[in-house]
Amino acid sequence: MQFIFSFIRKGIPFLLVSLTLVASAQNRVPQEFKPKVVCHLPKEVDETSGLIFWRNSLWTHNDSGGLPVIYRLDTATGKVVQRITIAGAVNHDWEDISQDEKYIYIGDMGNNSGNRHNLCIYRVKKSDIPDHGDVSVPAEKIAFSYPDYKRPVKNRRENNFDDEALMAYGDSLYLFSKDWKDQQTRLYALPKTPGTWTARLLLQYNVQGLITGADHLGSRTVLLTGYTRGTWKPFLVLLTNFSGSNFFSGNVQRINLRAKATQIEAVAFAGKNRVFLSSEGRMPAYKQTLYVFDLNQLPSGEKNGKSGN
């Protein structure tokens, strides 16, 4: 079944494409993996929700209600070594961070209740961020809405319009939705250009969980983080050998994580195969934690198969 959507900026069509919604292949029993604990993170970032690796450091932020700040972390100790305030920005619900060669993108797109109309992504020039020191820098805004969003959701946990995973890839930004109602994810695309846009819906995939973070390694590997609704079990979804930006068209491998923390919120590639994960704190049950592993350590068993086009 095909659908037609377009980017719209201030009412002007930007790009018209034909889409096919994609159903997933039936998931097989997932493998398990235990990442290495690096350290517990300081209380200042107890709600770490996004992660990138830049300038040999990790950068993160807190989610809803936190300061409009990105924090630079030492990769060995987790210590905060720099704080960058985003001037004029508000942290309604910052949920992920991504980057390309010139910019850092911060997604203020958390929507647990399904009723937000002020979703946006802040774009920050990397050249504005000094090597050292706590400073304030300006940002541009990429405001957006969903083409298939019709009205506010009555019940918070029946919401399919939450989003916690943002990825800059090629010439576009990609959003992986966190669907509370059916535990699937829908892939949307946005231009990287500041303005007001309607996102482009690309496909839907049954990940059997709530997606919370995304990052890519080159053009052939994407890694998603998430956890299951109700049972709160963290997992990874490894996407490889896909075609273009149809990230689910290649091998789709789901891997359960054996970790004390349940809310693994963020993922970042650091170099060729090293991967960092971060989790929110939920005291007294568990502390905010930084994990690391080598991509080659992940189980290499049977994949879920291809989703098709």
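Residues numbered from 1 in each chain as written. Predicted model: local features only at pLDDT ≥ 70, side-chain atom pairs only at ≥ 80, totals over all residues. Heavy atoms only, no water.

Visitor: Any details on the overall build of the chain? Residues and values, ideally.
Guide: When helices and strands are tallied, the chain shows zero helices and 25 strands. Sequence-distant contacts, at least 24 apart, represent 55% of the contacts inside the chain between residues at least 6 apart. (Helix = DSSP H or I, 4+ residues; strand = E, 2+ residues; numbered from the N terminus. Contact = heavy atoms within 4.5 Å.)

Visitor: Go over unusual backbone geometry with me, naming the residues and quoting the values.
Guide: Despite not being glycine, glutamine 183 has its phi angle at roughly 55°, a positive value. Note that glutamine 183 resides in the loop between strand S15 (172–178) and strand S16 (185–191). Of note, the phi angle at asparagine 241 is positive, near 55°, even though the residue is not glycine.

Visitor: Break down the side chain of threonine 240 for me, citing the residues and quoting the values.
Guide: Here threonine 240 lies in strand S21 (residues 234–240). Classification of threonine 240 as buried rests on a relative accessible area of 15%. (Buried < 20%, exposed > 50% of the residue type's maximum accessible area, 1.4 Å probe, protein only.)

Visitor: Requested: an account of the pairing of strand S9 (residues 94–99), with residues and values cited.
Guide: Within S9, five of the six residues are buried, which leaves it mostly tucked inside the rest of the structure. Here S9 runs beside strand S10 (residues 103–108); their pairing, made up of five bridges, is antiparallel. Residue pairing in the sheet places isoleucine 97 in a bridge with isoleucine 106 of S10. As consecutive antiparallel partners, S9 and S10 are separated by three residues. (Pairing = 2+ DSSP bridges.)

Visitor: Quick one: what's the story with the pattern of salt bridges, residue by residue and with numbers?
Guide: Pairs may arise between side chains of opposite charge once their charged atoms sit close together. A complete count under the given rule lists 10 salt bridges for this structure. Its salt-bridge partner being arginine 258, residue glutamate 32 comes within 3.6 Å of it at the nearest N-O pair. With glutamate 32 in strand S3 (residues 31–33) and arginine 258 in the loop between strand S22 (251–257) and strand S23 (264–270), the pair connects residues that are 226 residues apart, well separated along the chain. When its relative accessible area of 44% is taken as the criterion, arginine 258 is described as partly exposed. The salt bridge involving lysine 192 is made with aspartate 100; its shortest N-O contact spans 3.0 Å. Of this pair, lysine 192 sits in the loop between S16 and strand S17 (195–198) while aspartate 100 sits in the loop between S9 and S10, and the two are 92 residues apart along the sequence. An identical accessibility class is assigned to lysine 192 and aspartate 100; each is buried. (Salt bridge = Lys/Arg side-chain N within 4 Å of Asp/Glu carboxyl O.)

Visitor: Outline the environment of asparagine 112, supporting the account with residue identities and numerical values.
Guide: With respect to the element layout, asparagine 112 can be found in the loop between S10 and strand S11 (120–125). As a C-alpha pair, asparagine 112 and arginine 157 span 45 residues in sequence and 7.6 Å in three-dimensional space. At 3.4 Å, the side chain of asparagine 112 and the side chain of tryptophan 180 are in polar contact. (Polar contact = N/O pair within 3.5 Å; in protein donor to acceptor, adjacent residues only side chain to side chain.)

Visitor: Describe the nonpolar core, listing the residues and the values that go with them.
Guide: Phe176, Leu224, Leu239, Phe247 and Phe248 are the most contacted members of the largest nonpolar core, which totals 22 residues. Beyond its immediate stretch of four places on either side in the chain, phenylalanine 176 contacts Asp163, Glu164, Ala165, Met167, Thr185, Arg186, Leu187, Ile211, Ala214, Leu224, Phe247 and Phe248. The next biggest cluster of nonpolar side chains, apart from the first, holds 19 residues, and it includes Leu119, Phe161, Leu175 and Ala199. (Core = buried A, V, L, I, M, F, W, Y, C linked by side-chain atoms within 4.5 Å.)

Visitor: Give me the lowdown on the side chain of arginine 72, citing residues and values where you can.
Guide: Position of arginine 72 relative to the elements: it lies in strand S7 (residues 69–73). No salt bridge forms around the buried arginine 72; measuring N to O, its nearest opposite-charge neighbour aspartate 131 is 5.6 Å away. There is a polar contact of 2.9 Å between the side chain of arginine 72 and the backbone oxygen of aspartate 131. (Lys, Arg positive; Asp, Glu negative; His and termini not counted.)

Visitor: Break down the sheet that holds S16 for me, citing the residues and quoting the values.
Guide: Pairing in this open sheet of four strands is antiparallel, and the strands run S14-S15-S16-S18 from one edge to the other. Because the sheet does not close on itself, it has two edges, and the strands there are strand S14 (162–169) and strand S18 (200–205). Ignoring which end each strand starts from, the neighbouring axes of this sheet average 25° apart. With five bridges connecting them, S15 and S16 associate as antiparallel partners. Bridge pairing in S16 places tyrosine 174 opposite alanine 189. (Axes fitted to C-alpha atoms, helices over the stretch in contact; angles between N-to-C directions.)

Visitor: Before we move on, can you summarise the confidence of the model for the chain with the specific residues and values?
Guide: With 86% of its residues at a pLDDT of at least 70, the chain reaches an overall mean of 87. Ignoring residues within four places in sequence, the model shows residues 1–27, a span with pLDDT below 50, making 74 contacts including any to other chains. Here residues 305–309 is modelled with pLDDT under 50, and outside its nearest four sequence neighbours on either side it reaches 20 contacts, counting other chains as well. (pLDDT = per-residue confidence, 0-100.)

Visitor: Which residues make up the pairing of S21, and what are the values?
Guide: Across the seven residues of S21, seven count as buried, placing the element largely inside the fold. In this structure, the hairpin formed by strand S20 (residues 221–227) and S21 is closed by a connection of six residues, where glycine 230 is found at a positive phi of approximately 90°. Where S21 lies against S22, six bridges are found, and the strand directions are antiparallel. For threonine 240, the partnering residue across the bridge sits in S22 and is asparagine 251.

Visitor: Tell me about the environment of serine 219, and please be specific about residues and values.
Guide: Along the chain, serine 219 turns up in the loop between strand S19 (210–217) and S20. Between the C-alpha atom of serine 219 and that of threonine 240, which follows or precedes it by 21 residues, the distance is 9.1 Å. Contact partners of serine 219, with chain neighbours within four places excluded, come to Tyr169 and Phe242.

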